Amino acid sequence: MKALKAPVLSLSRNTGRFTSGARMVPSFLIVGAQRCGTTSLYRALEHHPLLLKPVLHKGVHYFDVGYERGMSWYQGHFPLRAGAALLGRRHAARALAFESSPYYLFHPLAGERIAADLPGVKLIVLVRDPVERACSAHAHELARGFETESHFERAVELEERRLAGVEELLRNEPFAVHHAHRHQAYLARGRYADQLDRLEPLFGRQRILVLDSHLFFSRPRAVYDRVLDFLEVPRLGYPEFERHNGRALPRRVSPDLARALREHFAPYDARLARWLGGEPSWRQ
């Protein structure tokens, strides 16, 4: 099956590139954060008849690690405009294309690229307890083979050295891909407020929706309705809400480390209040 999959994907991508001028571009993006429920939200939204996912896979990763491929390559991933127009007439509303690439939020150049290439696009960001997120990310990267340090505590100790100078490097070499920045930024990716502050001047507050993933999983219908209102699409029933990509942690974090990490994230969490409309759920 794997031997057949690569040529099929290649053929589909080439076909998409050749027909890119007839294809949609995204009206909104789920940009992160990693391990915060982005896949679960994506799977819920893909069932809405007016929300059209990429033809091939969830995350195109164009604005972070694939930007050298060009806009025609990117646009080739999305449905044809003609089909979207038919759906729009059927439901008396405009169909919207979207994708979900959770590295967009963290990559230092992605926001600038998105703003330049997709004027008017809206962004959705999910956040969760950053200590939980860090532990989950470590377990995830370890299982995928992108992390070699099996002890979370040691990986946290190594992070500052692993990421030293990386943002400057990525700006100086805009098509570079940095392994540690993408796969081993356990604390840095949980400093959500810094990443949102980078996006705000590019998109404005009104085009960025920040969701507390704990509320999404506990009250999915209310959060789903809020997303549809943000996107200005009609409510046409509810999908089945399921958790995707969950992963058990190898072992619990020591109380001392957990306490130190909560203190580390406290000022960043406090700055999230203006995005969430109140204190994050994990601080209540």
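Residues numbered from 1 in each chain as written. Predicted model: local features only at pLDDT ≥ 70, side-chain atom pairs only at ≥ 80, totals over all residues. Heavy atoms only, no water.

Where an unreviewed UniProt entry is consulted, the protein appears under the name Sulfotransferase, with the organism given as Nonomuraea mesophila.

**Student:** Would you mind going over empty space enclosed by the protein with me for this structure?
**Tutor:** Unoccupied space between atoms shows up once a probe the size of one water molecule is rolled over them. Tallied over the entire structure, the rule returns 2 cavities of 30 Å³ or more. Estimated volume of the second largest cavity: approximately 30 Å³. Looking at the second largest cavity, the residues that line it are Tyr-104, Leu-105, His-107, Pro-108, Gly-111, Glu-112, Arg-198 and Leu-199. Of all elements in the fold, only helix H6 (110-117) and helix H11 (192-203) reach the threshold of two or more residues within the lining of the second largest cavity. (1 Å grid on protein atoms, 1.4 Å probe; cavity = no way out; pocket = protein on both sides within 12 Å on 5 of 7 lines; lining within 4 Å. Points joined across faces, edges and corners; volume = space filled by probe spheres on them. Helix = DSSP H or I, 4+ residues; strand = E, 2+ residues; numbered from the N terminus.)

**Student:** I would appreciate a short explanation of the packing of aromatic side chains in the present structure.
**Tutor:** Applying the stated criterion to the full structure yields 15 aromatic pairs. Residues Phe-28 and Phe-98 carry aromatic rings whose centres are separated by 4.7 Å and whose planes lie at 5° to one another, so their mutual orientation is stacked. Separated by 70 residues along the polypeptide, Phe-28 in strand E1 (residues 26-32) and Phe-98 in strand E3 (residues 96-100) bring together distant segments of the chain. Accessibility classification places Phe-28 together with Phe-98 in one group, the buried group. Both rings, one in Tyr-224 and one in Tyr-238, keep their centres 5.9 Å apart while their planes meet at 55°; by these two values the pair is tilted. Placement of Tyr-224 in helix H13 (residues 220-231) and of Tyr-238 in the loop between H13 and helix H14 (255-271) is noted, with a sequence separation of 14 residues between them. Given a relative accessible area of 38%, Tyr-238 falls into the partly exposed group. Among the aromatic residues, those joined into a cluster by ring pairs are Tyr-62, Phe-63, Tyr-67, Trp-73, Tyr-74, Phe-78 and Tyr-104. The positively charged end of Lys-122 is found above the aromatic ring belonging to Phe-230, 5.0 Å away from the centroid. (Phe/Tyr/Trp six-rings, centres within 6.5 Å; stacked < 30°, edge-to-face > 60°. Buried < 20%, exposed > 50% of the residue type's maximum accessible area, 1.4 Å probe, protein only. Lys NZ or Arg CZ within 6 Å of the ring centre and 35° of its normal.)

**Student:** Just checking my understanding: could you explain the sheet that holds strand E5 (residues 208-212) for this structure?
**Tutor:** Two pairing modes exist for strands in a sheet, parallel and antiparallel, and in both the strands are linked by backbone hydrogen bonds. Taken in spatial order, the 5 strands make up an open sheet running E2-E3-E1-E4-E5, and their pairing is parallel. Each edge of the sheet is formed by a strand with only one pairing partner; in this case those strands are strand E2 (51-52) and E5. The strands touched by helix H2 (residues 38-45) within the sheet are E1, E2, E3, strand E4 (122-127) and E5, with E1 carrying the most contacts at an inclination of about 155°. Running at roughly 160° to E5, H11 makes contact with E4 and E5 of the sheet. (Pairing = 2+ DSSP bridges. Contact = heavy atoms within 4.5 Å. Axes fitted to C-alpha atoms, helices over the stretch in contact; angles between N-to-C directions.)

**Student:** When you look at the UniProt feature "domain: Sulfotransferase" (unreviewed entry) in the protein in this model, what are you seeing that I'm missing?
**Tutor:** Mapped onto the present numbering, the UniProt feature "domain: Sulfotransferase" (unreviewed entry) falls at residues 28-234. Regarding residues 28-234, the helix share stands at 51% and the strand share at 11%, and the terminal C-alpha atoms are separated by 16 Å. (UniProt positions renumbered as here; feature names shortened; annotations may be inferred.)

**Student:** What is the right way to look at the pattern of salt bridges in this model?
**Tutor:** Any two side chains of opposite charge can pair, given that their charged atoms come close. Under the defined criterion, the tally for this structure stands at 18 salt bridges. In this structure, Asp-197 engages Arg-274 in a salt bridge whose closest nitrogen and oxygen atoms are separated by 3.4 Å. Of the two residues, Asp-197 is situated in helix H11 and Arg-274 in helix H15 (residues 273-276); the sequence distance between them amounts to 77 residues. Accessibility expressed as a relative area gives 32% for Asp-197, which makes it partly exposed. (Salt bridge = Lys/Arg side-chain N within 4 Å of Asp/Glu carboxyl O.)

**Student:** Whenever I open this one, the layout of surface pockets confuses me. Can you help?
**Tutor:** Roughly 320 Å³ of volume is contained in the second largest pocket. Looking at the lining of the second largest pocket, the elements with two or more residues in it are helix H8 (152-163), helix H9 (166-172) and H11. Considering every element that reaches the lining of the second largest pocket, the biggest residue donor is H8, with 4 residues. Its residues placed into classes, the lining of the second largest pocket shows 7 nonpolar, 2 polar and 6 charged. (Nonpolar A, V, L, I, M, F, W, Y, C, P; charged D, E, K, R; others polar.)

**Student:** Is there a simple way to explain the pairing of E5 in this structure?
**Tutor:** Residues in a regular strand project their side chains so that they alternate between the two faces of the sheet. With respect to burial, E5 is a largely interior element, 5 of its 5 residues being buried. Across the two faces of E5 the burial is the same, with Ile-208, Val-210 and Asp-212 and Leu-209 and Leu-211 all buried. Pairing of E4 with E5 involves 5 bridges; the strand directions are parallel. The residue bridging Val-127 from the neighbouring strand is Asp-212, located in E5.

**Student:** Can you walk me through the environment of Ile-124 in this structure?
**Tutor:** Looking at where Ile-124 falls in the secondary structure, it is placed in strand E4. On the basis of relative accessible area, Ile-124 is assigned to the buried category, the value being 0%. Spatially, the C-alpha atom of Ile-124 lies 12 Å from that of Pro-26, the residues being 98 residues apart in sequence. In this view, Ile-124 contacts Phe-28, Leu-29, Ile-30, Val-31, Gly-32, Leu-41, Leu-209, Leu-211, Val-227 and Phe-230; residues no more than four positions away in its chain are not counted.

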